[in-house]
Amino acid sequence: MELKQSARPNLSVTVAGMELKNPVMPASGCFGWGEEYARFFDLTDMGALVGKAVTPRPRPGNAGVRIVETPSGMLNAIGLQNPGPEAFLRDVLPRVRELGIPVWVNVSANALQEYVDLCGLLSSQPGVSAIELNLSCPNVGRGHAEFCVTPEAVMDTVSACRPVCRTHLIPKLSPNTTDITALARAAEAAGADALSMINTFVGMVIDIDKRRPVLGNRTGGMSGPAVRPIAVRMVYEVAGAVSIPIIGIGGISTWRDALEFLMAGATAVQVGTASFFNPRAIPEVIQGLETWMVDHGVANIREVIGAARVPTGG
Amino acid sequence: MPEAIELLHAEVLDHHEVAPDHWVITLDAPEIAAGARPGQFVMVRGIQGTDPLLPRALSIYHADVEGGCIELLYRVVGPGTTRLQEHEPGRRVAVWGPLGSQFRLPEGDRVVLVGGGVGVPPLVFWAERLAALSVPMEVIALIGAQSESSLVGIDRLRRARANVRIATDDGSQGRKGYVTDLLPQAVQSARATIYACGPTPMLKAVARLGKTLETPTELALEAPMACGVGACLGCTVPRREGGFARVCTEGPVFDRDSIDWETL
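First, a word on scope: everything that follows refers to the structure included in this document. (Residues numbered from 1 in each chain as written. Chains lettered and ligands numbered in written order. Predicted model: local features only at pLDDT ≥ 70, side-chain atom pairs only at ≥ 80, totals over all residues. Heavy atoms only, no water.)

This brings us to the interface of chain B and chain A. In this complex, chain B contributes 29 residues to the contact, which on the side of chain A involves 30 residues. Roughly 2,400 Å² of surface becomes buried between chain B and chain A when both sides are summed, with 67% attributable to carbon and sulfur atoms. By the criterion of area lost to chain A, the three top residues of chain B are Leu53, Leu233 and Phe244 of chain B, representing 24% of everything that side buries. Joining chain B to chain A, the criterion identifies two salt bridges. With a closest N to O distance of 3.2 Å, glutamate 36 of chain A and arginine 246 of chain B form a salt bridge. The residue makeup of the side of chain B that touches chain A, split by class, is 19 nonpolar, five polar and five charged. (Contact = heavy atoms within 4.5 Å. Buried area = accessible area lost by both parts, 1.4 Å probe. Salt bridge = Lys/Arg side-chain N within 4 Å of Asp/Glu carboxyl O. Nonpolar A, V, L, I, M, F, W, Y, C, P; charged D, E, K, R; others polar.)

This is the structure:
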């Protein structure tokens, strides 16, 4: 009997042993826990589900103005609004693990011990495929470091979480640093399974009439298409510095953008802000990748990972 | 499964200026027209380009179920509405909705609508739907604007048999002063329900008066939004019971007592 050759290209990738049917997932904080976007498309079409950050205790979020538009981007200062781990385990996890796609839980805290406790609790839950460690969070108990932007802070946090984390551990790196490859190397040395990069850039917009920052929090995280070239550059650099997989994030709105990150060396990508201005951005990126592969005779998406990397002369 | 939200690339059927910088755009959107309720809104965005990036939340001015179209009334204030205004009939825009909560039916036999500036459109839609009910009801519409030239929706309110009373900042039409000055008399000696939409200072005043006058009051709020569907958490307002409510999802129509007006 002759088997028919399937015309559909293979979009599946493996992130640290975790099989994803395609390399596209939402970025934390840009997709709730999927319930809103289930009204626009089938969530099970995604490679994985990455939800809003969970913090040690419920957080109401910031008062005042929380978002402001910028050229081809936006700033947000939501303040990690979330119902806390108890409500997450009771109300959210039972629903999302039924989807049958990998569920990644983003974890954020203010102190090292809180990271460790939360990581231990959430990583042991059935249906949690990975812990994405939000390292771009204020003050991880080091006093001098407002953000986890030094290799030492990254090393401390990841090393402390590694022994208690019973599933994949994926630190999410801040771009607000001088040399992101140093953060990446520290995370890898501390036992990270993969890296999500990047989180938002700290920015500010001033209301010139009120002579005050627009955001209630004064500063906010910048995201959207405007940051994409910087994010692609950082992924490219880190891909040359570590051997663990990279999940590329930063202004991805279309399949073309996703391809840039894959070619720079990312194994998978996250779509963030784009879901806000196009609720069907994620399925459109997946469909666009598939169409591009068919048009270009690419049978397996893994062929393009790192394809743009050129050896440095020497 | 939650109900699906329609995301359309809708054709612009008509687009015209109704007052200086105030435009009405008509979109071919039968699925949205069929489900639209007064108080609800849609998100609208040009299909191409990333600057401006975000969609704009616009409340529904009119929904023609049989004709399969919706009308949105907006004021050109910034880059998003400027780009929208450039869409001539025949072009398409991305639009999703209907979104958010709706006005609830009144308890008494008098309805008092309080609208300021571009807060008028959802009240016009509500007046039209109330007029279509076979329930005898007195509708008083208190409409405020900076001046006569920026008054919108007045003819439609009158066609919906509303008793329209006007206040302008400069006194160019109606009473000179705030629209809320007209409110106490309008709710007098009847079981009235107040519905309001407009700038936040006006809404605060209406909420305060509604409480003083012991009159049920619903207010439609406006807030900057990125997504319009409940995901970005950018449009929150403080709740009286603590924490925040999303204007896009728990609102935009809120009961007077559910919002902490002091900290808003």
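Okay, the environment of threonine 219 of chain A next. Residue and element names in this part refer to chain A. Relative to the assigned elements, threonine 219 resides in the loop between β13 (212-213) and β14 (220-223). A relative accessible area of 30% places threonine 219 in the partly exposed class. Taking the C-alpha atoms as reference points, threonine 219 and proline 151, separated by 68 residues in sequence, lie 24 Å from one another. Filtering out sequence-adjacent residues up to four positions away, threonine 219 remains in contact with Ala77, Val202, Gly203 and Met204. (Helix = DSSP H or I, 4+ residues; strand = E, 2+ residues; numbered from the N terminus. Buried < 20%, exposed > 50% of the residue type's maximum accessible area, 1.4 Å probe, protein only.)

Our focus in this paragraph is the packing of helix α2 (residues 112-123) of chain A against helix α3 (residues 151-161) of chain A. Residue and element names in this part refer to chain A. Packing of α2 against α3 leaves a shortest axis separation of 9 Å and a crossing angle of 35°. When the axes of α2 and α3 are compared, the crossing they make is right-handed. Facing α2, whose interface residues are Leu112, Tyr115, Val116 and Cys119, α3 presents Asp156, Thr157, Ala160 and Cys161. Its residues assigned to classes, the contact of α2 with α3 comprises six nonpolar, one polar and one charged. (Axes fitted to C-alpha atoms, helices over the stretch in contact; angles between N-to-C directions. Left-handed = near helix turned anticlockwise from the far one by under 90°.)

Our next topic: the nonpolar core. Of all hydrophobic cores here, the largest spans 143 residues; its most connected members are Tyr37, Val105, Ile131 and Leu133 of chain A together with Val114 of chain B. Counting residues per element, this core draws most heavily on helix α8 (residues 281-295) of chain A, which supplies seven residues. Looking at which domains feed residues into this core, each of domain 1 (6-99) and domain 2 (110-220) of chain B supplies at least three. Ignoring any residue separated from it by four or fewer positions in sequence, one finds isoleucine 131 of chain A in contact with Val105, Val107, Cys119, Leu122, Ser123, Cys165, Thr167, His168, Leu169 and Ile170 of chain A. Judged by nonpolar contacts, the second largest core, of 29 residues, contains Leu130, Ile154, Ala162 and Ile166 of chain B. (Core = buried A, V, L, I, M, F, W, Y, C linked by side-chain atoms within 4.5 Å. Domains from an automatic or database assignment.)

All names here are of chain A. On the surface, Met204, Ile206 and Ile208 cluster together into a nonpolar patch covering about 330 Å² of accessible area. For isoleucine 206, the position within the fold is in strand β12 (residues 206-207). Classification of isoleucine 206 as partly exposed rests on a relative accessible area of 47%. (Patch = residues over 30% accessible without salt bridge, like charges linked within 9 Å, V, L, I, M, F, W, Y side chains within 5 Å. Areas by Shrake-Rupley, 256 points an atom, 1.4 Å probe, with all protein chains shown as cover.)

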